[in-house]
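# Observations on the three-dimensional arrangement
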2 protein chains.
Amino acid sequence: MIENPFYAPEVQGPYQLHSLGSFDLEEGGTIPDLQLAYATYGELNEAKDNAILVPTWFSGTHATWWQVYIGEGRALDPAKYFIVVVNQIGNGLSTSPHTTDDPAIAMSRFPKVRIGDDVRAQRQLAQELFGIDRWALVVGGSMGAQQVYEWAVRYPDAVQRAAPIAGTAQNTPHDFLFTQTLMDAITSDPGWNGGEYTSHTEVAAGLARHADIWAIMGLSTEFWRSGFWRGIELPDTSWDTFTEFQERFTRAVFGAMDPNALLTMGWKWQRGDVARHTGGDLAAALGRVTARTFVMPIDEDMFFPPRDCRREAELVPGAQVRVLPSIAGHFGLFGFEQTYLDAVDANLGELLASEVP
Amino acid sequence: MIENPFYAPEVQGPYQLHSLGSFDLEEGGTIPDLQLAYATYGELNEAKDNAILVPTWFSGTHATWWQVYIGEGRALDPAKYFIVVVNQIGNGLSTSPHTTDDPAIAMSRFPKVRIGDDVRAQRQLAQELFGIDRWALVVGGSMGAQQVYEWAVRYPDAVQRAAPIAGTAQNTPHDFLFTQTLMDAITSDPGWNGGEYTSHTEVAAGLARHADIWAIMGLSTEFWRSGFWRGIELPDTSWDTFTEFQERFTRAVFGAMDPNALLTMGWKWQRGDVARHTGGDLAAALGRVTARTFVMPIDEDMFFPPRDCRREAELVPGAQVRVLPSIAGHFGLFGFEQTYLDAVDANLGELLASEVP
């Protein structure tokens, strides 16, 4: 177990752990004591029909959701809804390579985890803790969108509404290769040591290269050209040039994280694919969806481009495509722009207000 | 000096070397005996008004031009024009870190070279060898486009027509950061050894990571999604999956090259900027251009997107924008598609046929 201050409640905001006990994984491994880190906002009503599930994205935690997306008067309003944000397995808060001392799964021995494992685990958590069998909405961005699709295909009756933001149901070849460059940036650092480092700081160079690839793919050509970064503020730091922004923002963000956690999520991201349920037939898989679905790509996204999301939306019965505007591209998910947040809220608000069967 | 078979005439096609003698560089260094590798196609006429100059792109040589762009009946027709393709300084054929035994500049001691150095060197070569003072056309792709713009701004009277393909006059912040990831992939390989390896194969891992970043940025999301790669053929190899294509095509291409040559070109690419002539004023610099100019971005280019090229075109007096179609994105430059080649030929043919002052 490695202490990493980035994952402390002081940084992430309050969360709780729920143990699912021994959890068998789709790829064949087992996590002997799978702990899911989750946070809830609002109250579950008696009918249990106001529950919203939010799974997290690559490198993300529940923190961005309470900081950016959840609030009174917002679409995700804790005064009306019971919102459950569940940190994905291996994200550094839920059971992850560096959070356990169990010699069977610690560090380099951590088993391979798939999107389907997360969704099954979230279902178990919701039933055990809250008796929730059905969500008014499942919403998530990026790898969170992969989980949204997996929910809607695997458990159609459990999802009344679905909002996959900036992500796909079946990972694309380009995304697979992109994710591999992110992972190779880490594993090529001698400090990674086959996954057996003793502090994430030993992998600082690899984490920096990882962050630098994010800077060119996670943000957009327009973000950099326009100097949009000048208006972004972080506590205790500042930047006068775009290279300083890269060093002090993207490198700082990813440099604080656990390398093996990023690798666990990266491997999972590469293999997200709802067509695993239908022998590779994506149309058949997405045809199972009964949720009222808004597919919400981001216009400047460099690696989940709107056209890829549109193609999938055409296979989801009744789905609508709502393109979100963000000059920040995929990292628009961080909510730098009020226009982006307004668009998210308008769409989620409309979706939540819509009648479902 | 390192022997690298990739740069042999058997692979590259015939070329000649011309020594410019001692050549002072803009960044302050000197190349004691700068040799430019060049190839010519066709005959210079008596009026010397049928000369076309082609500078090369990052990692490129003259080979792609005779293989893909030059031919009878094509726009670049050696039956009509005298076409001079000059390999950029440091590209592995012209004087480069690994081609010299001069202890002052070999390997890690190779001086920094700028786009302006290439253009001055090309001008000297053209005058010394051919007495050419004016080009009917200067055309190049990517870093070749940077040189085209540099020619048109630095020596307006020497350029009658200009065709920058898939490149910019002023490198963008996104491109700077992208190029840095390419370079860091190489320099992070312990085999690079501070630039003092004894064979490029010692840097195989770094060159592979370099190639993998090219695979996601040089090609396009649509290229990978559509499986376009299935139709691409190389001698002595084949591929059944997209990961095999990546391993056997993009890794093979870049894995054969010299690491220090790539780094020399990368540093130069990052700093291409015609506004150096006008105290940072891009509009003033491009306003100097008198060449009839077709700005030719590629529609699916991930890092020289058409909108960036359009913005610059608006600053070039009388310039027209002609967007080239290629699902391969920036690597459309390799000429995988007849539709792309036809578009290039139609535009260059129209440009060459147009009257100039």
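Not measured: the values here are computed from a predicted model. (Residues numbered from 1 in each chain as written. Chains lettered and ligands numbered in written order. Predicted model: local features only at pLDDT ≥ 70, side-chain atom pairs only at ≥ 80, totals over all residues. Heavy atoms only, no water.)

Contacts between the two partners involve 27 residues from chain B and, on the opposite side, 27 residues from chain A. When chain B packs against chain A, the two sides together hide about 2800 Å² of surface, and 69% of this comes from carbon and sulfur. Between the two partners, chain B and chain A, sit six salt bridges. In this structure, the connection of chain B to chain A is made through 10 residue pairs in polar contact (both at pLDDT 80 or more). Take the side of chain B that touches chain A: its biggest share by element is seven residues, from helix α5 (residues 173-187) of chain B. (Contact = heavy atoms within 4.5 Å. Buried area = accessible area lost by both parts, 1.4 Å probe. Salt bridge = Lys/Arg side-chain N within 4 Å of Asp/Glu carboxyl O. Polar contact = N/O pair within 3.5 Å; in protein donor to acceptor, adjacent residues only side chain to side chain. Helix = DSSP H or I, 4+ residues; strand = E, 2+ residues; numbered from the N terminus.)

This part is about the UniProt feature "domain: AB hydrolase-1" (unreviewed entry) in chain A. On the UniProt side, "domain: AB hydrolase-1" (unreviewed entry) is annotated at positions that read residues 61-333 of chain A here. In residues 61-333 of chain A, the share of helix is 40% and the share of strand is 8%. The end C-alpha atoms are 13 Å apart. (UniProt positions renumbered as here; feature names shortened; annotations may be inferred.)

Looking now at the sheet that holds strand β1 (residues 16-19) of chain A. All names here are of chain A. As summarised here, the arrangement of the eight strands in space is β1-β4-β6-β5-β7-β8-β9-β10, forming an open sheet in which the pairing is mixed. Both edges of this open sheet fall to β1 and β10 (320-321), since each of them pairs with a single strand only. Bridge count for strand β8 (residues 161-165) against strand β9 (residues 292-295) is two bridges, and the pairing is parallel. Bridge assignment links R161 to a residue of β9, and that residue is R292. Running at roughly 60 degrees to strand β4 (residues 35-41), helix α3 (residues 115-130) makes contact with β1, β4, β5 (51-55) and β6 (82-86) of the sheet. (Pairing = 2+ DSSP bridges. Axes fitted to C-alpha atoms, helices over the stretch in contact; angles between N-to-C directions.)

Spanning 15 residues, α5(B) covers 21 Å between terminal C-alpha atoms, matching the ideal 21 Å at 1.5 Å per step. Counted residue by residue, α5(B) has 13 buried out of 15 residues, so it is predominantly covered. (Expected span 1.5 Å × (residues − 1). Buried < 20%, exposed > 50% of the residue type's maximum accessible area, 1.4 Å probe, protein only.)

Before going further, it helps to examine the environment of B:P190. All names here are of chain B. Looking at the element boundaries, P190 is found in the loop between α5 and α6 (204-217). A relative accessible area of 59% places P190 in the exposed class. In the structure, P190 is positioned 30 residues away from S220 in sequence and 30 Å away in space, judged by C-alpha atoms.

Residues and elements named next belong to chain A. Orientation of helix α5 (residues 173-187) relative to helix α9 (residues 259-270), taken along the N-to-C sense of each, is 160 degrees, at an axis distance of 9 Å. By the angle between their axes, α5 is roughly antiparallel relative to α9. When you trace α5 past α9, the crossing you get is left-handed. Counting all contacts with α5, which are made through D175, F176, F178, T179, Q180, L182, M183, I186 and T187, the residues of α9 involved are P259, L262, L263, G266, W267, W269 and Q270. Considering only residue class, the contact of α5 with α9 consists of 10 nonpolar, five polar and one charged. (Parallel < 35°, antiparallel > 145°, perpendicular 65-115°, else oblique. Left-handed = near helix turned anticlockwise from the far one by under 90°. Nonpolar A, V, L, I, M, F, W, Y, C, P; charged D, E, K, R; others polar.)

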